[in-house]
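This is what each chain is made of:
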Amino acid sequence: MSSSPASPPPSSPSSRRPAVRLVELDGLRGLAAVVVLIHHVLETVPALAEVGARPGVVPAGTFNRILTQSPLHLLWAGHEAVLIFFVLSGVALTYPVARRHAQGRRFDWVDYAPRRFVRLWLPAAASTTFAVIAMLLIPRSTNPVLGHWMTVTHPTGLGARQMLMEYLLIPKHAYRNTVLWSLHAEAIFSFVLPLMILGVALCARWRISWLPVAAALAVPVITASPGSGSYLPVFTVGAVMGWAWGHDPAPVPERPRPWATAQALVCLVLITLAWWPGMESHTAQRVANAVTLAAAAYLVHLVVRAGALRGLLRSRTVQYLGLMSFSLYLVHEPVVVSLRLLTQSISPWWLLILAPLVSAPLTWLFQRYIEAPSHRLARRTGALASARFTQWSERRRAGRRVSRAGGV
């Protein structure tokens, strides 16, 4: 990998240039987290809970159908927002590796492994604990009036074996805080990242980077599910982009392209294609799932490479949402469920106001006292592991030199 012609020589000016932080992606992540929050709020509406994240299901009521079967679905396209999360993760994990490769420096995988484990596991464990505490304080209900999402997706039991599996991020689904299924996919991708980067790097060297992207887009067409293979195809698209951008000394243009935002808006509309009227058939859903993934990936590309939506994504409010996005993602669902259980006597639509108001301070507390400290601990853990490994390697080499000298 270090001999790839795509990387500049270590002495070149571009190799000394610091990595460009892709701040627009932070803003995009923040907006996606808000969409997931709205998605779960609307899932407390029984008619919309029947729709869930399953395109092709048509709810009762004209307003509900408009909200579901039109581009307005973008406002609560939770599953599609998670696809964007996965593309962003592919970029975020690959980009720093590519930057070091472009500079002729080796990436420290010994530092990466424990750092990534702590970074994912501690917030996930805290989120699970928060969900359990919420369940104990406000017991969940099997009242069918609450709808499918409240009663079926959120069971009442707290089995010890199930809880252990949740803390280890083992199950794909059936979490007490259901958003953690996506961290299960994140953990798998984090584990296979070295192999993923090797494949992406070889494709870049052979000038066939289009191949893994085409393969990823073919998965939903072949399998009728964008999530086959634990969403690895979605991460792959982000990894291809992250590898290319890491080797570009200026991946972000100084000024947005005049056509970029218009194309980004088209992508946002196309992300909802699977929900449009006439797309209910099995074949149409296969094609629509591929279009959704392509639109999500191209949106990320436009945001970085063409400056699409730059004013919005770099605004102070949206950047703050980006800072809080991971904590909001981990905190909001127990809040939504608990609030609905406490407000059964009123319309669930009130949660569009109540859930953000209650989630905001809890998100800040989680970010301040869980996420940020776990991030610092992850850096220290990775640095310590790397230092210990370096010491062990040096002692081993010294021992070999002594052995060879003694043999002589």
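In this text the structure is predicted, and so the values were computed from the model without any measurement.

Reading the values: rules and limits
- Residues numbered from 1 in each chain as written.
- Predicted model: local features only at pLDDT ≥ 70, side-chain atom pairs only at ≥ 80, totals over all residues.
- Heavy atoms only, no water.
- Buried < 20%, exposed > 50% of the residue type's maximum accessible area, 1.4 Å probe, protein only.
- Helix = DSSP H or I, 4+ residues; strand = E, 2+ residues; numbered from the N terminus.
- Arc of directions from axis to C-beta.
- Contact = heavy atoms within 4.5 Å.
- Phe/Tyr/Trp six-rings, centres within 6.5 Å; stacked < 30°, edge-to-face > 60°.

> What is the right way to look at helix H12 (residues 260–270) in this model?
Residues spaced three or four apart along an α-helix face the same direction, because each turn holds 3.6 residues. For H12, the set of buried residues is Ala-260, Ala-264 and Cys-267. Buried residues along H12 cover an arc of 55° about the axis, so they all sit on one side. Its buried side turned inward, H12 meets helix H13 (282–305).

> Looking at this structure, I do not really get the environment of Glu-24. What am I missing?
Inspection of the secondary structure assignment puts Glu-24 in helix H2 (residues 23–42). Along the primary structure Glu-24 and Val-318 are separated by 294 residues, whereas in three dimensions their C-alpha atoms are 9.3 Å apart.

> I tried to follow the packing of aromatic side chains on my own but got confused; where do I start?
Ring pairs (aromatic) are described by centroid distance and by the angle formed between their planes. Taken as a whole, this structure holds 13 aromatic pairs when the rule is applied. Consider the rings of Phe-107 and Trp-109, whose centres lie 4.7 Å apart with planes at 70°: the pair is edge-to-face. Relative to Trp-121, the ring of Phe-117 has its centre 6.1 Å away and its plane inclined at 5°; by these criteria the two rings are stacked. With a gap of four residues between them, Phe-117 and Trp-121 both fall in helix H6 (residues 109–137), about one helical turn apart.

> How do you make sense of unusual backbone geometry when you look at a structure like this?
Leaving glycine out, the prevailing phi sign among residues is negative, and the prevailing peptide bond configuration is trans. Positive phi is not limited to glycine here, since Arg-207 has a value of about 60°. The residue Arg-207 is located in the loop between helix H9 (181–205) and helix H10 (210–223) in this model. Arg-207 sits in the exposed class, given a relative accessible area of 74%. Of note in this structure, Leu-309 is not a glycine but carries a positive phi near 60°. With respect to the element layout, Leu-309 can be found in the loop between H13 and helix H14 (310–313). Take Leu-309: its relative accessible area is 16%, and that puts it in the buried class.

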